[in-house]
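Chain by chain, the residues:
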Amino acid sequence: LMTYVKDEGIANLVSISGDHHMHFAGELYDDFDGEAPIPVGVEFSVAAISSKPTFWSLYEQSFLPPAFKKMAFMELENGADREIVELFNLTLLQGARAAAAASDALDKDVGRATRNARQNPHLRYIDSGANGYGVVHVYADKLVARLVSTNRASDLPGDSGSAIKSEAAFEVPAWTGGEAPALSPPTVSGRPAYPFG
């Protein structure tokens, strides 16, 4: 299908899907296994707003052998503070070696600096621990998408509603047949998912 889109010069192909128990955004290639894949469209997939568990929390809550735990999460302690880092995002974006390097060093920056260039180069954003929703605005000259992460639906919302934890915003200018789409890197606000903060 993607080869057909490329060969026919079809422009402005956008896939919008959901309920994958995580947010992700990326490019669609004509041949994901090719030596030089060509972007022909973009894709936004939205987390479920109320499904429990999230994709990442399945790994957090499961008994994992140490080698697999390194690819899913790590715990950092700073005095009395404890932080759980969602390494699964890094595993999908940059490869298991990057996640294991971060886990071994107990250092988020080590993970960010390690990359397998062949590991999902089409992905631009992933939040495997997200509950939330997406909003897409389509204009004549561009598409603007926002992937919003919220507290879980089972959490008490408070007087002003459920809290927004983070938001990743993307812009895609319209393109013509024969051109490649230009998916912007995310502009992330709030508490971004690792490794985007």
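Since the structure is predicted, the reported quantities are computational estimates derived from the model, not experimental observations.

Scanning the protein chain for helices and strands turns up six helices and ten strands. The C-alpha radius of gyration of the protein chain comes to 18 Å, within 12% of the 16 Å expected for a compact globule of 197 residues. The principal-axis extents of the C-alpha atoms in the protein chain amount to approximately 55 × 45 × 25 Å. When burial is assessed residue by residue, the protein chain has 38% of its 197 residues classed as buried. A separation threshold of at least 6 residues defines the contact pool for the protein chain, and within that pool the share at least 24 residues apart is 60%.

Another point: the confidence of the model for the protein chain. Low-pLDDT stretches of the model should not have their predicted coordinates read in fine detail. The pLDDT averaged across the protein chain works out to 87; a share of 90% of its residues lies at or above 70. The element-level mean pLDDT for the protein chain is lowest in helix H2 (residues 55-61), coming to 62, with strand S3 (residues 39-46) highest at 96.

Under the definition given, this model contains nine salt bridges. Lysine 6 is the partner of aspartate 7 in a salt bridge, and the nearest nitrogen-oxygen pair spans 3.9 Å. Residue class for lysine 6 comes out partly exposed when judged on its relative accessible area of 33%. Look at the salt bridges and you will find they share partners, linking Lys6, Asp7 and Asp30 into a network.

What follows covers the sheet that holds strand S6 (residues 123-127). Pairing is mixed across the open sheet formed by four strands, whose spatial order is S1-S3-S2-S6. This sheet does not close on itself; its edge strands, each paired only once, are strand S1 (13-18) and S6. Taking each pair of neighbouring strands and ignoring which way they run, the sheet shows an average axis angle of 20°. The sheet contact formed by strand S2 (residues 23-29) and S3 spans six bridges and is antiparallel. The partner of leucine 28 across the bridge, within S3, is glycine 41.

Turning our attention to the side chain of asparagine 131. Here asparagine 131 shows up in strand S7 (residues 131-138). A polar atom in the side chain of asparagine 131 sits 3.1 Å from the backbone oxygen of alanine 48.

So, how was this worked out
Residues numbered from 1 in each chain as written. Predicted model: local features only at pLDDT ≥ 70, side-chain atom pairs only at ≥ 80, totals over all residues. Heavy atoms only, no water. Helix = DSSP H or I, 4+ residues; strand = E, 2+ residues; numbered from the N terminus. Rg over C-alpha atoms; globule rule 2.2 N^0.38 Å. Buried < 20%, exposed > 50% of the residue type's maximum accessible area, 1.4 Å probe, protein only. Contact = heavy atoms within 4.5 Å. pLDDT = per-residue confidence, 0-100. Salt bridge = Lys/Arg side-chain N within 4 Å of Asp/Glu carboxyl O. Pairing = 2+ DSSP bridges. Axes fitted to C-alpha atoms, helices over the stretch in contact; angles between N-to-C directions. Polar contact = N/O pair within 3.5 Å; in protein donor to acceptor, adjacent residues only side chain to side chain.

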